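Remarks on the overall topology
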Amino acid sequence: MPSPLFADHPADRPPERDTVEALITQARRLRGDLDAVRRESTVDTGLAPDPQLRWQRALCDLAVHHLDDLGGHLDQLREGLPTESDDAPEPAAEEPVIPAEAGPPARGALLRRVGSAEWNLLTDEVSWSDELFAIFGRSPADGPLTLDELPSLVDPDDQEGLATMVTDCLVDGRPIDGEFRIVRPDASLRTVHMVGEPVLDTDGSTACMWAVLRDVSELRRSQQAVRETRDSLHRERQIAETEHRLAVELQEAVLPPWRGSLRFPQDGRATLDLAGRYLPSGTHTLIGGDWYDAMQLPDGRTLLSVGDLTGHGVAATSGMAMVLGALRGMAVAGHRPEQLMGLLNQLLDTAAQPALGSAVCGTFDPRTRTLEWAQAGHPAPLLFRGGTGRTLDPPEGVLLGATSGAAYTQRSEQLEPGDLLVLHTDGLTPSRTYGTGTALESAERLLALAPRFAAARSAQDSVRIVVEEFGSTERADDACVLIARVGD
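Residues numbered from 1 in each chain as written. Predicted model: local features only at pLDDT ≥ 70, side-chain atom pairs only at ≥ 80, totals over all residues. Heavy atoms only, no water.

1. Brief notes about the overall build of the protein
Inclusion rule: Numbering of helices and strands runs from the N terminus, with a helix taken as a DSSP run of H or I at least four residues long and a strand as a DSSP run of E at least two residues long. In this analysis, two residues are considered to be in contact whenever any of their non-hydrogen atoms come within 4.5 Å of each other. Computed with the Shrake-Rupley method and a 1.4 Å probe, the accessible areas treat only the protein chains shown as cover for residues.
Looking only at helices and strands, the protein features eleven helices and 16 strands. Across the protein, contacts joining residues at least 24 apart in sequence account for 66% of those joining residues at least 6 apart. For the protein, the exposed area adds up to about 24,800 Å²; of that, 52% sits on carbon and sulfur atoms.

Shown next as structure tokens:
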């Protein structure tokens, strides 16, 4: 249907057929590539737990609608072009193979989403295309609607906007470009985008108004889905950032504040030179429940402990704070390492939010240089002496919180001046599988550092060696290490 501002407006040159065919081929190929991307990231948008996946799928669906509309418009443009000869066959374009489950809608369905109309103000004649009748859900036998009748099918909230567009077009000669919602006879609601302009008579008055109307309901729903999933993703990220900040602040408040070497007891003969370090995970977002700790007890002994609670975030760090606080308090009360493990197991087993954890704790007596220690499903300490290292034989002990009333035992180790004791959690290595294999790998790599530990002057120097060995690896979990060097 022509759309000149004046009846004698010269017609534009029609596009070349080869150009249109090339565009159709490119659009179909792009549609096929997009289907491949959708198949690779297919998720149930209603059940997917990851907001980012839901947002990505919504963007793919929106892109599909745009490409389908583009393909439909190009098909219409091709149908309107004259053939080069009556006998020449229409050029065939190569089409990518598109699976049935992900293919575009039928070509007829695309064309039915766009219709046209013309209202002649001089003769009161109205003409609608068949596609426009389908958009409005109206039978052609009922005839087209006049401009005065059109608002009867428009949503009440949009009637004023439509009236303004039509008035501006008829009175002021302004082009129409806007959307409104229609209520079809079956009570379904559709969103229609309308573009058009007046056709002026020779005296400059409006003779008729033409318009192209497009059903953009599916497109608007896809855009709404993109907005909603994007907002959901933004909220999830804000929550994650807040939880991460709280977890970091809680962890920094609980772990020992000392950054250099620490010596316990400060008034004893055989002192312990102590240093520790927390090593974050490779992503720096998985703040877990790992801890290391050392404190001097009232009777002159030194408490050493490292451990790890399952999980990440605020729940893990708050649980770690509870366990570490309880461990310190019970150690001050005089409980031995095996008793401490049993009490911590009972604490986690009866906690409001049950969790599993592993730990090793020991007490060093400076008068006898004796280490008494117990463990709960945790890698055993490593003892380095004379340039070599070995793993201490672990006493019995299951994971904390795994079994009610579990029994724990302890062992005693006689230390000598110059000995180096290394306590660590099992997240040092970059492996994403946890258990005995991961702990053995960490222990083997630590034991291989024995010559370098022997040359180190202090516990802090030894910690730096561990950081050099493990600090640059892409660990899947965070980790802690505590090193104690026995003095003369």
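2. Here's the deal with the pairing of strand β9 (residues 302-309)
To keep things clear, this is the line we draw: Each residue gets one of three labels from its accessible area relative to the maximum for its type: buried under 20%, exposed over 50%, partly exposed in between, using a 1.4 Å probe on protein chains only. A pair of strands is considered paired only if DSSP assigns at least 2 bridges between the two.
Of all the eight residues making up β9, eight are buried; the element is thus mostly covered by neighbouring parts of the structure. Of the two faces of β9, both are covered, the one formed by Thr302, Leu304, Val306 and Asp308 as well as the one formed by Leu303, Ser305, Gly307 and Leu309. Bridge count between β9 and strand β10 (residues 357-365): eight bridges; the pairing is antiparallel. Across the sheet, residue leucine 303 finds its bridge partner in β10, namely threonine 363.

3. Quick notes on the sheet that holds strand β3 (residues 176-183)
How we decide: Geometry is summarised by axes, namely lines fitted to C-alpha atoms with helices restricted to the contacting stretch, and by angles between N-to-C directions that run from 0 to 180 degrees.
One open sheet accounts for five strands, arranged β2-β1-β5-β4-β3; its pairing is antiparallel. Every other strand in the sheet has two partners, leaving β2 (126-128) and β3 as the edge strands with one partner each. Neighbour to neighbour, the strand axes of the sheet diverge by 20 degrees on average, direction disregarded. The sheet contact formed by strand β1 (residues 114-120) and strand β5 (residues 206-215) spans seven bridges and is antiparallel. Its bridge partner lying in β5, valine 114 is registered against arginine 214. The sheet strands contacting helix α5 (residues 156-172) are β3, β4 (189-200) and β5, and the helix crosses β3 at an angle near 145 degrees. Against the sheet, helix α6 (residues 217-254) engages β3, β4 and β5, with an angle of about 120 degrees to β4.

4. Quick word on empty space enclosed by the protein
Stated formally: Cavities and pockets are found on a 1 Å grid laid over the protein atoms alone: a cavity is a set of points where a 1.4 Å probe fits but cannot escape, a pocket is an open set with protein on both sides within 12 Å along at least five of seven lines, and a lining residue has an atom within 4 Å of such a point. Grid points are joined across faces, edges and corners, and a volume is the space filled by probe spheres set on the points. All residues other than Ala, Val, Leu, Ile, Met, Phe, Trp, Tyr, Cys, Pro, Asp, Glu, Lys and Arg, Gly among them, are scored as polar; the first ten of these are nonpolar and the last four charged.
Following the criterion strictly, the structure yields two cavities of 30 Å³ or more and no others. Reported here for the second largest cavity is a volume of approximately 40 Å³. For the second largest cavity, the full set of lining residues is Leu304, Val360, Cys361, Gly362, Leu371, Trp373, Pro381, Leu421 and Leu423. Elements represented by at least two residues in the lining of the second largest cavity include exactly β10, β11 (370-376) and β15 (420-424). The leading source of residues in the lining of the second largest cavity is β10, at three residues. Residues that form the lining of the second largest cavity fall into these classes: eight nonpolar, one polar and no charged.

5. What to know about unusual backbone geometry
Of note in the backbone geometry, aspartate 124 takes a positive phi value of approximately 60 degrees without being a glycine. Mapped onto the elements, aspartate 124 comes out in the loop between β1 and β2. Residue class for aspartate 124 comes out exposed when judged on its relative accessible area of 63%. Even without being glycine, alanine 187 reaches a positive phi, approximately 75 degrees. One can find alanine 187 in the loop between β3 and β4. Using a relative accessible area of 60% as the deciding quantity, one classes alanine 187 as exposed.

6. Some details on the packing of aromatic side chains
Rule in force here: Centres within 6.5 Å make a pair out of two Phe, Tyr or Trp rings, where for Trp the six-membered ring is used; the pair is then stacked when the planes are under 30 degrees apart, edge-to-face when over 60, and tilted otherwise.
Scanning the entire structure with this criterion turns up three aromatic pairs. Ring centres of tryptophan 128 and phenylalanine 133 lie 5.2 Å apart, and the angle between their planes is 55 degrees; on these two criteria the pair is classed as tilted. Accessibility classification places tryptophan 128 together with phenylalanine 133 in one group, the buried group. Their ring planes at 40 degrees and their centres at 5.0 Å tell us that tryptophan 128 and phenylalanine 136 sit as a pair that is tilted. Looking at phenylalanine 136, the relative accessible area reads 1%, which means it is buried. An aromatic cluster is defined as three or more aromatic residues linked by ring pairs; in this entry it consists of Trp128, Phe133 and Phe136.

7. Comments concerning the nonpolar core
Heads up, the condition is: Residue types Ala, Val, Leu, Ile, Met, Phe, Trp, Tyr and Cys, when buried and joined through side-chain atoms within 4.5 Å, form a set referred to as a nonpolar core.
Within the largest apolar cluster, 49 residues are counted, with the highest numbers of intra-cluster contacts made by Leu274, Trp291, Leu304, Met341 and Leu421. Counting 24 residues, the second largest nonpolar core, distinct from the first, contains Trp119, Trp128, Phe133 and Leu153.

8. Points about the side chain of aspartate 158
Considering the arrangement of structural elements, one finds aspartate 158 in helix α5. The exposure class of aspartate 158 is buried, given its relative accessible area of 16%. What aspartate 158 contacts, discounting residues up to four positions off in sequence, is Phe180 and Arg181.

9. Focus: the sheet that holds strand β13 (residues 388-391)
With respect to topology, six strands assemble into an open sheet ordered β6-β7-β16-β15-β12-β13, the strand pairing being antiparallel. Lying at the two open borders of the sheet, with one neighbouring strand each, are β6 (262-264) and β13. Put simply, the sheet's adjacent strands are angled 25 degrees from each other on average, direction ignored. The pairing of β6 with strand β7 (residues 272-279) spans three bridges and is classified as antiparallel. Each bridged residue has a counterpart across the sheet, and for leucine 262 the counterpart in β7 is leucine 274.

10. A short note on the environment of valine 37
Considering the arrangement of structural elements, one finds valine 37 in helix α1 (residues 17-40). Taking the C-alpha atoms as reference, valine 37 lies 8.1 Å from cysteine 60; in sequence the two are 23 residues apart.

11. Topic: α1
Put simply, the rule reads: Expected span of a helix, by definition, is 1.5 Å for each gap between consecutive residues, and there is one gap fewer than residues.
Between the first and last C-alpha of α1 there are 35 Å, a value that for 24 residues agrees with the 34 Å anticipated at 1.5 Å per step. Along α1, the residues that are buried comprise Arg17, Val20, Glu21, Ile24, Thr25, Ala27, Arg31, Gly32, Leu34, Asp35 and Arg38.

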